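# Descriptive analysis of the structure
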Amino acid sequence: MRDFYLMVDCNNFYASCERVFNPGLAGKPVVVLSNNDGCVIARSNEAKAMGVVMGEPAYKREAFFRQNGVHVFSSNYALYGDMSARVMRILSNFSGEMEVYSIDECFLLLRGLNTPSLLQTALEVRRTVREWTGIPVCVGIARTKTLAKIANRLAKKDGDGVRLLENEEDIDRVLQGMETGDIWGIGRKGARRLCACGVHTALDLKRQDDDWVRRHLTVTGLRTVLELRQIPCIALEDAPPPARSLVCSRSFGTRIESLASLEEAVSAYVQRAGEKLRRKGLVAGAVQVFLETNRFQPEPQYAGSRCRALPAPTASTLDLHGPALEILRDIHKPGYKYQKAGVILLDLSPATGRQLSFLEPHGEEKAKRDALMRVMDRINTAHGRGTLTLAASGLGKKEWHMRQERRSPLYTTSWAELPVVH
Ligand SMILES: [Mg+2]
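Residues numbered from 1 in each chain as written. Predicted model: local features only at pLDDT ≥ 70, side-chain atom pairs only at ≥ 80, totals over all residues. Heavy atoms only, no water.

## Let's talk about the pattern of salt bridges
Counted by the stated rule, this structure contains 23 salt bridges. In this structure, Arg406 and Glu62 form a salt bridge, with 3.1 Å as the shortest nitrogen-oxygen distance. Taken together, the residues Arg406 in the segment after helix 13 (363-383) and Glu62 in helix 3 (residues 58-67) connect sequence positions 344 residues apart. Its salt-bridge partner being Lys206, residue Glu168 comes within 2.6 Å of it at the nearest N-O pair. Of the two residues, Glu168 sits in helix 7 (residues 168-176) while Lys206 sits in helix 9 (residues 202-206), which places them 38 residues apart along the sequence. The class for Lys206 is buried, based on a relative accessible area of 9%. (Salt bridge = Lys/Arg side-chain N within 4 Å of Asp/Glu carboxyl O. Helix = DSSP H or I, 4+ residues; strand = E, 2+ residues; numbered from the N terminus. Buried < 20%, exposed > 50% of the residue type's maximum accessible area, 1.4 Å probe, protein only.)

## Here's the deal with the sheet that holds strand 4 (residues 71-74)
An order of 3-2-4 is seen for the three strands of this open sheet, with the pairing classed as mixed. Two strands close off the open sheet at either side, each with one partner strand: strand 3 (40-43) and strand 4. Taken pair by pair, the neighbouring strands of this sheet meet at an average axis angle of 25°, ignoring direction. Pairing analysis gives four bridges linking strand 2 (residues 30-33) to strand 4, with the strands arranged parallel. In the sheet register, Val30 faces strand 4, and the bridge partner there is His71. Running over the sheet, helix 1 (residues 13-20) touches strand 2, strand 3 and strand 4 and is turned about 115° from strand 2. (Pairing = 2+ DSSP bridges. Axes fitted to C-alpha atoms, helices over the stretch in contact; angles between N-to-C directions. Contact = heavy atoms within 4.5 Å.)

## Comments concerning the coordination of the magnesium ion
Taken together, Asp9 (OD), Cys10 (O) and Asp104 (OD) make up the protein donors of the magnesium ion, found 2.1 to 2.4 Å from the metal. Sequence positions of the residues that donate to the magnesium ion give the spacing D-C-x93-D. The pair Asp9 / Cys10 is uniform in exposure class, with both members buried. (Donors = N, O, S within 2.8 Å, 3.2 Å for Na, K, Ca; no water.)

## A few points about the packing of helix 11 (residues 259-279) against helix 12 (residues 317-331)
Running from amino to carboxyl end, helix 11 crosses helix 12 at an angle of 145°, the nearest separation of the two axes being 9 Å. Where helix 11 crosses over helix 12, the handedness of that crossing is right-handed. Seen from helix 11, the contacting residues are Leu259, Leu262, Glu263, Val266, Ser267, Val270, Gln271, Gly274, Leu277 and Arg278; seen from helix 12, they are Thr317, Leu320, His321, Ala324, Leu325, Leu328 and Arg329. Here the contact of helix 11 with helix 12 is built from residues that sort into nine nonpolar, five polar and three charged. (Left-handed = near helix turned anticlockwise from the far one by under 90°. Nonpolar A, V, L, I, M, F, W, Y, C, P; charged D, E, K, R; others polar.)

## A look at the packing of aromatic side chains
This structure, assessed with the given rule, holds ten aromatic pairs. Here Tyr101 and Phe107 contribute two aromatic rings whose centre-to-centre distance is 5.8 Å and whose plane-to-plane angle is 70°, an arrangement assigned as edge-to-face. With a relative accessible area of 35%, Tyr101 lands in the partly exposed category. Note on Phe107: relative accessible area 0%, which makes it buried. Site record: aromatic cluster; members linked through ring pairs are Phe13, Tyr14 and Tyr80. (Phe/Tyr/Trp six-rings, centres within 6.5 Å; stacked < 30°, edge-to-face > 60°.)

What follows is the structure, given as structure tokens:
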């Protein structure tokens, strides 16, 4: 009995989220588009089978979608983020040792189970997530994370959505049919370099000499190769290092000129960035704002950006807001049509256990400000983003809003958009 990694991955995650609230879409082709309804970023199996490709510009496929009854959605990140949190919460019941790897993928470490109970647990994971959220997932199981990733891909093709890679001959057979570029952590560039040296399949790579691998792929590549040999080298990140910066930026739905509209947009981005910052338990030491025109338009171009250090590290939207708008007014030049603006929070550090400054609010004043942010976050989580905002982000129709003509309702995060069952 050894330790095993389960890689749990939601099938066609965004398309599956849309289906949960729209069961009539079962068995029908579904695609989800990127911000501003630009490109295809998710496809149901039916859409894949019809030859819809990832990253394809949506406008090129309009007619095809219409003729073939493809259901098209604008991306609804509030919904996907919330569904993801629900899935992850369920998964955390299966192991205290987990790593959320992306919005729809998670590693779980299971210790001391024999093969039958491992498989049984994996099936249980699948059934529970499906029953409690409506999202289908597949589970790959192996002694290393790299092999668990591969097992997951096989699970997508197998009948019951669970695949264990443990037997050495079985592993070799699978690796023989795999290109090196499909191994987690090798990538296209690494694969090209390996190909030039005559190493084509994942099995070729697994059988290379350690020194050779270190020379060609560095020590990181060697860890991957050892993982292919069932030697665990990549542990769960129990405490991933905090990100260095946090970005909130969007292209506008239309190009805008007026400073007032830009102020509304930047104000909204600051609030969103502040929310993210607090959710991660971080404070920012500096704020940057940028602004740019559309360089693909035959018209005068301008891009401005400036960064400012804050008097004291903060996670309060109130402290971030003023400096951000001041920067915007500094860098804004009239007479240009702007396509994009953004706010970047820099110099991030954990909110607790850092050195305090004389300049930051403390005592009762600080407690009041923290409480205000907590209330704002709670209300906006419960009633939908933007329920409570600073007046500066505008109360009327938002000219700068991105295009989301086909977004599904915020089924799980907005009271006004709850699904109605007849
Ligand atoms: Mg997935």
